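Letter by letter, the chains look like this.
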Amino acid sequence: MATTAGLPIKVLYLRGQQWFDFTASGTPEAKVALAALDARGYGSAGNKAGQPPSEAQRGQALLATFGGTLSGKAQAGTVRSVEVQAEDAAEIAMRNWLRRIHAEIVGIRREETVPALQNLQTLGELNQVAGLDGSARAMLDFLSVAAVQTALAPYHIGAADRAAGKALHDTWTAARTKTAGARGSEGTAKKDQRTAREAFEAWLNKWWAIASARLADQPQILAALGAESRKKGNGKKVQAVAPVAQVAAPVAMLAQEA
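Notes on the structure in this doc start here. (Residues numbered from 1 in each chain as written. Predicted model: local features only at pLDDT ≥ 70, side-chain atom pairs only at ≥ 80, totals over all residues. Heavy atoms only, no water.)

**Side note on the packing of aromatic side chains**
Throughout the structure, instances matching the rule amount to eight aromatic pairs. Ring geometry for Tyr-42 versus Trp-203: centroids 6.2 Å apart, planes at 45°, classification tilted. Of this pair, Tyr-42 sits in the loop between helix 2 (28-38) and helix 3 (55-109) while Trp-203 is found in helix 6 (residues 159-214), placing the two residues 161 residues apart along the sequence. For Tyr-42, a relative accessible area of 2% gives the class buried. Judged by its relative accessible area of 2%, Trp-203 is buried. Consider the rings of Phe-200 and Trp-203, whose centres lie 6.0 Å apart with planes at 20°: the pair is stacked. With Phe-200 and Trp-203 both in helix 6 and three residues apart, this pair spans about one turn of that helix. In terms of burial, Phe-200 and Trp-203 fall into one category: buried. In this arrangement the basic side chain of Arg-176 is found over the ring face of Trp-172, its NZ or CZ atom lying 4.4 Å from the centre. (Phe/Tyr/Trp six-rings, centres within 6.5 Å; stacked < 30°, edge-to-face > 60°. Helix = DSSP H or I, 4+ residues; strand = E, 2+ residues; numbered from the N terminus. Buried < 20%, exposed > 50% of the residue type's maximum accessible area, 1.4 Å probe, protein only. Lys NZ or Arg CZ within 6 Å of the ring centre and 35° of its normal.)

**Some thoughts on the environment of Gly-41**
Along the polypeptide, Gly-41 turns up in the loop between helix 2 and helix 3. A relative accessible area of 47% places Gly-41 in the partly exposed class. Taking the C-alpha atoms as reference points, Gly-41 and Ala-56, 15 residues apart in sequence, are found 9.0 Å from one another. Not counting the four nearest positions on each side in its chain, Gly-41 is found in contact with Glu-55 and Trp-207. (Contact = heavy atoms within 4.5 Å.)

**Overview of the packing of helix 3 against helix 4 (residues 129-143)**
Look at helix 3 against helix 4: their axes get within 10 Å of each other, and the N-to-C directions meet at 50°. As summarised for this structure, helix 3 and helix 4 are arranged oblique, according to the angle between their axes. Here the hand of the crossing between helix 3 and helix 4 comes out left-handed. Together, Glu-91, Met-94, Arg-95, Trp-97, Leu-98, Ile-101, His-102 and Ile-105 of helix 3 and Leu-132, Ser-135, Ala-136, Met-139, Leu-140, Phe-142 and Leu-143 of helix 4 make up the contact between the two elements. Class assignment of the residues belonging to the contact of helix 3 with helix 4 gives a composition of eleven nonpolar, two polar and two charged. (Axes fitted to C-alpha atoms, helices over the stretch in contact; angles between N-to-C directions. Parallel < 35°, antiparallel > 145°, perpendicular 65-115°, else oblique. Left-handed = near helix turned anticlockwise from the far one by under 90°. Nonpolar A, V, L, I, M, F, W, Y, C, P; charged D, E, K, R; others polar.)

**Structural notes on helix 2**
Here helix 2 has its buried residues at Ala-30, Ala-33, Leu-34, Ala-36 and Leu-37. Mapping the buried residues of helix 2 onto a view down its axis gives an arc of 160°, with all of them on the same face. Within helix 2, the exposed residues directed more than 90 degrees away from the buried face are Pro-28 and Lys-31. Elements that come into contact with the buried residues of helix 2 comprise helix 1 (9-23), helix 6 and helix 7 (219-225). (Arc of directions from axis to C-beta.)

Here's what the structure looks like:
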């Protein structure tokens, strides 16, 4: 029996598009297919406004929703990628500033014996968010101490350095928030796509099964519909040939990605 099992998500969408392109083509073969489907309640003519959608109309709506989630998921993935890159850049800048200022103060402390400088904390694990964030906050607090400012003033380390570090920390914090939001949006887009795919896949499997049973003696029509069918005896699949049709924007996008 024809089934969508194992079809990649892009192929599934294209098979759905092929189904509706063929049934709308007006060819003699399409009319034969629609007659067989309508006999089982497909409703190719559609229902009037105010009435529940026919199976044909419902399938088209499900495919449209499914197609929309394909572009939505791709856009969400792009946004997430951009935000991750921005976060990585901000994290590197934060880490570099912290290491440099810490190294300078450690060097100054080798001769300067001001008690306040001895309170400089050892850096944590800077390759981890918690370690870098904690160390950055500790350094900013350290540089705000009046006695530290006085001790470092001869070396021109002061308010400007702390302001630079604070700006880097704020930028990094904001970037992390944006990345978290983008990841959440991508997760929602993936969930929406899965739901839309499952709904359309269930519809298409149902009508593939009906078409496969009623048009079993006309494999060329099944192939044009996009329904996978196997010839008896040799186990080879009939090659589906899609009719020439205007392909929607989501399909063009998928073809470019493939």
